[in-house]
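# Tertiary structure, described
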Amino acid sequence: MAEDEGLYAEILTLSRQAGNGGLAPWFDRRLRQQIGRGLFLDEARLGQLRDRVIAELSDYRQQAGIGTAVLGMSGGVDSALTAALFKKAGWRVIGFTLPIHQNPEETERGVEACQALGLEHIHVDLSPEYEAMVAGLGKVDETLSDADTVPARTRRGNLRARLRMMTLYDQAHRFGGLVASTDNFSELGAGFWTLHGDVGDLAPVQGLIKSWEIPWLARAVGVPEKTWRAKPTDGLGIGAGDEAQIGATYLEWDIMIFALAQALQQAPRAAPEDLAALLEIGDDGHARKILDTVLARLRMTWHKRINPIRLDHPLADRFALLDRTDEALFRPTVLQRDEAALDFPASVHAVALDLCRRLEECGLRVVTAESCTGGLLGASLAAVPGSSKQLEGSFVTYCESLKVQALGVSQDVIRERTVYDPEVARQMAAGALAAAPEAGLAMATTGVTGPDPDQGKPAGYVCIAAALRGHDPVAREFTFQGGPQAVIAQALSAALEMGLAALPRDGKG
């Protein structure tokens, strides 16, 4: 399509990829596919995105009662775009140039951006403070100040970033405001940022890709052309530039991240060594090199994206308690979720995908009968693309009475054994098959998710049954560890695995 070709050309231009000789064959093919799938937003959608971000920043300002944002104006496009968005949303924006032995051209671009965008500007040269910090740490490590190794340069760069962030948070407190976060999605994935040195309080551009969306929006909101066309650098003295340090152009990085996400959705159990074949890289040596680079950076930096790391210990549910309290009482409306939270663990998605594929091979459909999982077993299958051909439906029979009335579970069995029993699970599965004549497989769950025991059964005790039409239901007992959410996740995986095991091995129903 002509529209796609025009978008393709504009992406190459704004990302500076055209000046680098264009894209290698694999990247060229993938970018065209991703444009067709809407992963690279066209200009109309980018305009809508701009307006939505500005509206949300305005809503936050009014609802949170904070109207001042401070941020470091590095001379790069990310900080300039962030400042412009806050300004258009009605915030008082104070831009700080905070050079530490920085290229004067970068500092001057930061000053020019403040002037062009109508920001208040404060200049603080932190070079003396940085030198004093390096000298102080040199007392415990003499190599820090003058070593020219990558680790030493990285450490010194991190000191610069954290010193700047200390300054910004102090000034935010001074002005009664917050620190605007300027990091973008591409840098987030590449780990191209310093913990406690780059990420601030409110991040309007963190979901935007660096190659295309950041420069397009910067141009659209009036950022000086000199800034949005500038070669990206970290300003920390670590390396020659962002893309040289990352080992890929930003466009190549973004294309590869989108491609990896698609491949892992189709094959969630894939190992790193499987990805080149899944991505159909073939003999494109450059694409293989970039794949290895991307995987290496993701492997080195995953921990930064979940900082602080929270262990899944028995008291982890307390975090959700605080989250619910904050959302109910204090969190601004613009930050409250208005969509269903149906993000299943990767392990659950993987086995749900396997089950749907096997059901398709067998020509069968599945029905679920759920108590403790509350419909999430059916939802995990519904989350698989194309699963409408395999999922017949679900019975959520939480109460004893509905188990009896809808599924035909024996009242005598319940009275004798409680609802938490393998026989109850068997009868639930059999009853679901009886009530769903088009289904060939049923899975049933009943148990105590916790946090407290019930009817003499401990928290984490779950009974699961699977029934293939024409065969006797098979039930198993489990005792899962962790809080209620962890128990449910483990129950979902176990139920899906039992469903897989119940299917005929020859692929015929």
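The structure displayed is predicted, hence computed values, not measured ones. (Residues numbered from 1 in each chain as written. Predicted model: local features only at pLDDT ≥ 70, side-chain atom pairs only at ≥ 80, totals over all residues. Heavy atoms only, no water.)

## Topic: the overall build of the protein
This is how it is decided: Strands here are runs of E lasting at least two residues and helices are runs of H or I lasting at least four, both read from the DSSP assignment and numbered beginning at the N terminus. To sort residues, take the accessible area from a 1.4 Å probe on protein chains only and compare it with the maximum for the residue type: under 20% means buried, over 50% means exposed, and anything in between is partly exposed. By definition, residues are in contact when any of their heavy atoms lie within 4.5 Å. Computed with the Shrake-Rupley method and a 1.4 Å probe, the accessible areas treat only the protein chains shown as cover for residues. His is not counted, nor are the chain ends, whereas Lys and Arg count as positive and Asp and Glu as negative. By convention, charge coordinates are those of NZ in Lys, CZ in Arg, CG in Asp, or CD in Glu.
In terms of helices and strands, the protein carries 21 helices and 9 strands. Taking the principal axes of the C-alpha coordinates as reference, the protein spans close to 80 × 50 × 50 Å. Residue burial in the protein is summarised as follows: out of 509 residues, 49% are buried. Taking the intrachain contacts of the protein between residues at least 6 apart in sequence as the baseline, contacts between residues at least 24 apart amount to 70%. When the accessible surface of the protein is totalled, it reaches about 24,500 Å², and 52% of it is carbon and sulfur. The averaged location of the 66 negative side-chain charges in the protein is 1 Å from the averaged location of its 51 positive side-chain charges.

## Here's the deal with the packing of aromatic side chains
What counts, and what does not: Stacked, tilted and edge-to-face pairs are distinguished by plane angle, under 30 degrees for stacked and over 60 for edge-to-face with tilted covering the rest, among Phe, Tyr and Trp rings (Trp via its six-membered ring) whose centres lie within 6.5 Å. We call a charge positioned above a ring when the Lys NZ or Arg CZ atom is no farther than 6 Å from the ring centre and deviates by at most 35 degrees from the ring normal.
By the definition in use, this model includes 5 aromatic pairs. When the ring of Tyr60 is compared with that of Trp91, the centres are 6.4 Å apart and the planes differ by 10 degrees; the resulting orientation is stacked. Of this pair, Tyr60 sits in helix H3 (residues 43-64) while Trp91 sits in the loop between helix H4 (77-88) and strand S2 (92-97), and the two are 31 residues apart along the sequence. Pair check on accessibility: Tyr60 and Trp91 agree, each one buried. Three or more aromatic residues joined by ring pairs make a cluster, and in this case those are Tyr60, Phe86 and Trp91. The ring centre of Phe319 lies 4.0 Å from the NZ or CZ of Arg310, which sits over that ring.

## Side note on the sheet that holds strand S6 (residues 391-396)
For clarity, the threshold we go by: Here the rule is simple: two strands pair whenever DSSP picks up at least two bridges between them. To define axes, lines are fitted to C-alpha atoms, for helices over the stretch in contact only, and angles between the resulting N-to-C directions are given on a 0 to 180 degree scale.
Strands sit in the order S6-S5-S7-S8-S9 across an open sheet of 5 strands; the sheet is mixed. Two strands close off the open sheet at either side, each with one partner strand: S6 and strand S9 (474-479). Pairs of neighbouring strands in the sheet enclose a mean axial angle of 15 degrees, with direction left out of account. Direction of pairing for strand S8 (residues 461-468) relative to S9: antiparallel, over a ladder of 6 bridges. Paired with Ile464 across the bridge in S9 is Arg476. Packed onto the sheet, helix H20 (residues 422-435) meets strand S5 (366-370), S6, strand S7 (441-447), S8 and S9 and runs at close to 145 degrees relative to S7. Where helix H21 (residues 484-502) meets the sheet, it contacts S7, S8 and S9, and its direction lies at approximately 25 degrees from that of S8.

## Concerning the domain arrangement of the protein
Rules: Segment limits for the domains were obtained from an automatic or database-derived domain assignment. Joining two parts hides part of their accessible area as seen by a 1.4 Å probe, and the buried area is that hidden amount summed over both. What makes a salt bridge here is a side-chain nitrogen of Lys or Arg within 4 Å of a carboxyl oxygen of Asp or Glu, nothing more.
Domain boundaries in the protein define domain 1 (1-305) and domain 2 (346-502). Computed over C-alpha atoms, the centres of domain 1 and domain 2 are 45 Å apart. Contact with domain 1, which involves 5 residues of that partner, is made by 8 residues of domain 2. Taken over both partners, the interface formed by domain 1 and domain 2 buries close to 460 Å², and the fraction arising from carbon and sulfur atoms is 47%. The largest contributions to the domain 1 side of the interface with domain 2 come from Gln265, Pro268 and Arg269, which together make up 83% of the buried area. The interface formed by domain 1 and domain 2 includes 2 salt bridges.

## Topic: the UniProt feature "domain: CinA C-terminal" (unreviewed entry) in the protein
Rule in force here: UniProt positions are given in the numbering used here, feature names are shortened, and annotations may be inferred rather than shown by experiment.
The positions UniProt marks with the feature "domain: CinA C-terminal" (unreviewed entry) are residues 352-498. What you have in residues 352-498 is 42% helix and 22% strand, and the ends, taken at the C-alpha atoms, are 11 Å apart.

## Notes on empty space enclosed by the protein
What counts, and what does not: Lining residues are those with an atom within 4 Å of a point, where the points come from a 1 Å grid over the protein atoms alone and group into cavities, where a 1.4 Å probe fits but cannot get out, or pockets, open sets with protein on both sides within 12 Å along at least five of seven lines. Grid points are joined across faces, edges and corners, and a volume is the space filled by probe spheres set on the points. Throughout this entry, Asp, Glu, Lys and Arg are counted as charged residues, while Ala, Val, Leu, Ile, Met, Phe, Trp, Tyr, Cys and Pro are counted as nonpolar. The remaining residues, Gly among them, count as polar.
Per the counting criterion, the structure on display carries 1 cavity of 30 Å³ or more. Size it by volume and the largest cavity reaches roughly 50 Å³. What lines the largest cavity is simply Arg16, Val77, Lys210, Ile214, Pro215, Trp228, Ala230 and Pro232. Residues belonging to the lining of the largest cavity are distributed by class as follows: 6 nonpolar, no polar and 2 charged.

## Side note on the sheet that holds strand S4 (residues 178-179)
Taken together, 4 strands build an open sheet; the order of strands is S3-S2-S1-S4 and the sheet is parallel. Taken across any chain shown, the strands that pair with only one partner, and hence form the sheet edges, are strand S3 (120-123) and S4. Across 5 bridges, strand S1 (residues 68-72) lies against S2 in parallel orientation. Paired with Thr68 across the bridge in S2 is Arg92.

## Quick word on the nonpolar core
To keep things clear, this is the line we draw: The criterion is simple. A nonpolar core is a set of buried Ala, Val, Leu, Ile, Met, Phe, Trp, Tyr and Cys residues joined through side-chain atoms within 4.5 Å.
Membership of the largest hydrophobic core comes to 72 residues, with the highest contact counts inside it found for Leu31, Phe40 and Trp91. For this core, the element with the most residues is helix H12 (residues 250-266), which contributes 10 residues. Here Phe40 is in contact with Leu7, Ile11, Leu31, Gln34, Ile35, Ile209, Ser211, Trp212, Leu251, Asp254, Ile255 and Phe258, once residues within four sequence places are set aside. Val462, Val487, Leu496 and Met498 belong to the second largest nonpolar core, which has 34 residues in total.

## Comments concerning the pairing of S6
For the record, the criterion: Here, the term right-handed applies to a crossover whose path from the first strand over the helix to the second runs clockwise when the strands point away from the viewer.
Of the pairings in the sheet, the one linking S5 to S6 comprises 5 bridges and is parallel in character. Bridge pairing in S6 links Val367 to Gly393. Taken together, S5, helix H17 (residues 376-382) and S6 constitute a β-α-β crossover, and its handedness is right-handed.

## A few points about the pattern of salt bridges
For the structure shown, the criterion picks out 23 salt bridges. Glu225 is the partner of Arg229 in a salt bridge, and the nearest nitrogen-oxygen pair spans 2.5 Å. On the accessibility criterion, Arg229 (45% relative accessible area) is partly exposed. Salt bridges here are not isolated pairs; linked through shared partners, they connect Glu5, Asp28 and Arg32.

## Here we look at the pairing of S8
Where burial is concerned, most of S8 is hidden: 8 out of the 8 residues are buried. On S8, burial covers both faces: Tyr461, Cys463, Ala465 and Ala467 on one face and Val462, Ile464, Ala466 and Leu468 on the other are all buried. Direction of pairing for S7 relative to S8: antiparallel, over a ladder of 7 bridges. Bridging from a neighbouring strand, Thr446 pairs with Cys463 of S8. Linking S8 to S9, which pair antiparallel, is a turn of 5 residues; within it Gly470 sits at a positive phi near 90 degrees.

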